[in-house]
Amino acid sequence: ATRQVITPVYTKKGTEVELRGQMQGGEPVDRGYAQPAAISPRRLTAILVAVEVRGDTGDKEDRQSLRGIVTADTLNRIVTGMSEAFAQAESSQQVGVRSLRRTRRFGVFSRQFYTAFTSYMEGDYLYIHVSHLEREVDTQKKDKLPQPWPGEASDEFRVVPTKNMHAVGPYALAVRWRDPEFAKLAPSLAKEGVRTRTILCLLYTSPSP
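Residues numbered from 1 in each chain as written. Predicted model: local features only at pLDDT ≥ 70, side-chain atom pairs only at ≥ 80, totals over all residues. Heavy atoms only, no water.

Draft legend 1. Focus on the side chain of T118. As for its position among the elements, T118 is in strand β7 (residues 108-122). A polar side-chain atom of T118 sits 3.3 Å from the main-chain carbonyl oxygen of P148. When sequence neighbours within four positions are dropped, the list of residues in contact with T118 reads R20, Q94, V95, Y127, I128, H129, P148, W149 and P150. (Helix = DSSP H or I, 4+ residues; strand = E, 2+ residues; numbered from the N terminus. Polar contact = N/O pair within 3.5 Å; in protein donor to acceptor, adjacent residues only side chain to side chain. Contact = heavy atoms within 4.5 Å.)

Draft legend 2. Looking closely at the environment of G55. Locating G55 in the fold gives a position in strand β4 (residues 52-55). Judged by its relative accessible area of 1%, G55 falls in the buried class. It is 6.4 Å that separates the C-alpha atoms of G55 and R158, two residues lying 103 residues apart in sequence. (Buried < 20%, exposed > 50% of the residue type's maximum accessible area, 1.4 Å probe, protein only.)

Draft legend 3. Layout of the packing of helix α1 (residues 41-50) against helix α3 (residues 72-88). Between α1 and α3, the shortest axis-to-axis distance is 9 Å and the interhelical angle comes to 120°. Comparing the axis directions of α1 and α3 gives the class oblique. Read as a crossing pair, α1 and α3 show a hand that is right-handed. Contacts from P41, L44, T45, L48 and V49 in α1 reach L75, I78, V79, M82 and S83 in α3. For the contact of α1 with α3, the residue count by class is 8 nonpolar, 2 polar and no charged. (Axes fitted to C-alpha atoms, helices over the stretch in contact; angles between N-to-C directions. Parallel < 35°, antiparallel > 145°, perpendicular 65-115°, else oblique. Left-handed = near helix turned anticlockwise from the far one by under 90°. Nonpolar A, V, L, I, M, F, W, Y, C, P; charged D, E, K, R; others polar.)

Draft legend 4. Looking closely at the packing of aromatic side chains. On inspection of all chains with the given rule, the structure shows 4 aromatic pairs. Between F157 and Y171, the aromatic rings sit 5.6 Å apart at their centres with planes inclined by 70°, giving edge-to-face as the arrangement. With F157 in strand β9 (residues 157-160) and Y171 in the loop between β10 (165-167) and β11 (172-175), the pair connects residues that are 14 residues apart, well separated along the chain. Sitting above the plane of the W149 ring, R20 keeps its charged end 4.2 Å from the centroid. (Phe/Tyr/Trp six-rings, centres within 6.5 Å; stacked < 30°, edge-to-face > 60°. Lys NZ or Arg CZ within 6 Å of the ring centre and 35° of its normal.)

Draft legend 5. Quick peek at the environment of D124. Mapped onto the fold, D124 is located in the loop between β7 and β8 (125-137). Since its relative accessible area comes to 55%, D124 is described here as exposed. Between the C-alpha atoms of D124 and R176, which are 52 residues apart in sequence, the distance is 6.3 Å. Filtering out sequence-adjacent residues up to four positions away, D124 remains in contact with V175, R176, W177 and R178.

Draft legend 6. A look at the environment of A186. Mapped onto the secondary structure, A186 falls in the loop between β11 and β12 (196-200). Measuring from C-alpha to C-alpha, the distance between A186 and R43 comes to 8.6 Å, with 143 residues separating the pair along the chain. Excluding anything up to four places from it in sequence, A186 contacts T45, A46 and V49.

Right, dumping it as structure tokens:
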């Protein structure tokens, strides 16, 4: 029988990063991933800031809006956890990222938004499979947040590849993570909420401040 094995690596303020693999006959199922891998939080920052998705619901405004998958208030925790996870990961393990962003109203937390994705190294590429993007969750329920799984998404969106990456289906990107472009300082993000910008005449406007 094959069973799932999850190993927590990093937990801080609503962000959880873990290693996920399968065991069969008491041995890990090798997937041939190029791991462990040394990738710095700074390089991961440049990569994640460059990842964008657009709505795929048919609504014109939604389809013309590009959104990022990280925000300024979750980014540092995510890249710190991912860097630690890749340093520990074996060729049989994926890196799972789950992050809960909370907003305040009148000094108390009032709304929660959930983002989750799966990542791993394969050949010269870093793969990122987005499953949940700023999905609002009930603040009263104590149910465990759903795991991200490659090829599965809870919302209707599609990844939009930029320089040094290409799409792998509607929800995933393959990123040439060693490219010198990702050694540069990443642009700033909005303090709260997912960064958005609008597509006009096939030309992209600058990210909103």
